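This is what each chain is made of:
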Amino acid sequence: MYKLYSMQRSGNSYKVRLALAFLDAPYRAIEVDILRGESRTPDFLAKNPSGQVPLLETAPGRYLAESNAILWYLAVGTALAPDTRMDRAEALQWMFFEQHALEPNIGSAYFWLCLVKGGRDLQTHALEDWLERGYAALQVMENHLKTNDYFAAGQLTIADIALYGYTHVADQCDFDLSMFPAVNAWLRRVEQTPGFITMDWTPETATVDAANFAAEA
Ligand SMILES: N[C@@H](CCC(=O)N[C@@H](CS)C(=O)NCC(=O)O)C(=O)O
């Protein structure tokens, strides 16, 4: 069984939990509280030198970091990964877009406004930039979704899962999603897909926090 080091309210972690849910793959979740520095302990850094979640233990002692790399690992050979050369490349195109245009802006706004107490006051100046660039990314998505139901291969793939992670929380961190009807329709399509779970859903297999997990090991 996979072990997933994840934080419940991390969008990057949720992307992986969502893919695992669509694939109905069992796993053990280990909650890592990044706000308490749990991803920066020597023990965690030995597993992922980047000090970040999500982190998937694919086999004992074998770790994979970066949410979108994990999505590819999980999806290969399933309906979530396109199988033609061009469809695969287009899925990747949107997953790179997610990491350079969407996540650094909406993800940062979400982190500082929703997760960090007093974060709004600490990031007043950055917020303006995040909103401008985040809106630009949402407009690119809106334009694509005006004529496409999904981002690649005409079906739900890991590109949609990657983009869903932070788009669905944008309205919690100052973005007005009502200006993007096609994005809204796509969010509902993803949510209606069999196997969908919300960000606060936890797997049936016991979720333990990192401190308890280290004590157990
Ligand atoms: N590019 C990485 C970003 C991962 C990331 O930013 N993780 C955040 C939580 S969403 C984290 O662990 N931050 C803790 C830290 O950097 O100390 C991915 O897609 O997995």
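An unreviewed UniProt entry annotates the protein chain as Glutathione S-transferase of Rhodopseudomonas pentothenatexigens. As its UniProt record puts it under Sequence similarities (unreviewed entry), the protein chain is described as follows: "Belongs to the GST superfamily."

Visitor: Quick question: what am I supposed to make of the pairing of strand β4 (residues 62–65) here?
Guide: Consecutive residues of a regular strand have side chains that alternate between opposite faces of the sheet. Relative to β4, strand β3 (residues 55–59) runs antiparallel, the two being bridged by four bridges. Bridge assignment links leucine 55 to a residue of β4, and that residue is alanine 65. Between β3 and β4, which follow one another and run antiparallel, lie two residues, and glycine 61 among them has a positive phi close to 80°.

Visitor: What am I meant to see in the environment of glutamate 132 here?
Guide: Within the fold, glutamate 132 resides in helix α6 (residues 124–145). The class for glutamate 132 is exposed, based on a relative accessible area of 59%. Along the primary structure glutamate 132 and phenylalanine 175 are separated by 43 residues, whereas in three dimensions their C-alpha atoms are 9.8 Å apart.

Visitor: Whenever I open this one, the environment of proline 54 confuses me. Can you help?
Guide: Assignment of secondary structure puts proline 54 in the loop between α2 (42–47) and β3. The sequence separation of proline 54 and leucine 163 amounts to 109 residues, and the corresponding C-alpha distance is 16 Å.

Visitor: I tried to follow the packing of aromatic side chains on my own but got confused; where do I start?
Guide: Here a ring pair, both rings aromatic, is described through the centre-centre distance and the interplanar angle of the planes. Here the structure, examined in full by the defined rule, presents 13 aromatic pairs. Plain terms: the ring middles of tyrosine 5 and tyrosine 63 are 6.4 Å apart, the flat faces sit at 65° to each other, and that makes the pair edge-to-face. Of this pair, tyrosine 5 sits in strand β1 (residues 2–6) while tyrosine 63 sits in strand β4; the two residues are 58 residues apart in sequence, bridging distant segments of the chain. Judged by its relative accessible area of 27%, tyrosine 63 falls in the partly exposed class. Here the aromatic cluster, defined as three or more aromatic residues joined through ring pairs, consists of Tyr14, Trp94, Phe97, Phe151, Tyr164, Trp186 and Phe196. When the ring centre of tyrosine 150 is taken as reference, the NZ or CZ atom of arginine 189 above it lies at 5.8 Å.

Visitor: Please explain the site of the ligand as it appears in this structure.
Guide: If you check the shell around the ligand, you find 14 residues, and the closest are Arg40, Val53, Glu66, Ser67 and Gln99. Here an oxygen atom of the ligand and a side-chain polar atom of glutamine 52 are 3.2 Å apart. Between the ligand and glutamine 99 there is a distance of 2.8 Å, counted from a nitrogen atom to a side-chain nitrogen or oxygen. Bound to the protein, the ligand loses 82% of the 500 Å² it would expose on its own. The class makeup of the residues in the shell around the ligand is four nonpolar, seven polar and three charged. The residues that make up the shell around the ligand include at least three from each of domain 1 (2–78 + 199–216) and domain 2 (85–191).

Parameters at a glance
- Residues numbered from 1 in each chain as written.
- Predicted model: local features only at pLDDT ≥ 70, side-chain atom pairs only at ≥ 80, totals over all residues.
- Heavy atoms only, no water.
- UniProt positions renumbered as here; feature names shortened; annotations may be inferred.
- Pairing = 2+ DSSP bridges.
- Helix = DSSP H or I, 4+ residues; strand = E, 2+ residues; numbered from the N terminus.
- Buried < 20%, exposed > 50% of the residue type's maximum accessible area, 1.4 Å probe, protein only.
- Phe/Tyr/Trp six-rings, centres within 6.5 Å; stacked < 30°, edge-to-face > 60°.
- Lys NZ or Arg CZ within 6 Å of the ring centre and 35° of its normal.
- Near = heavy atom within 4 Å.
- Polar contact = N/O pair within 3.5 Å; in protein donor to acceptor, adjacent residues only side chain to side chain.
- Areas by Shrake-Rupley, 256 points an atom, 1.4 Å probe, with all protein chains shown as cover.
- Nonpolar A, V, L, I, M, F, W, Y, C, P; charged D, E, K, R; others polar.
- Domains from an automatic or database assignment.

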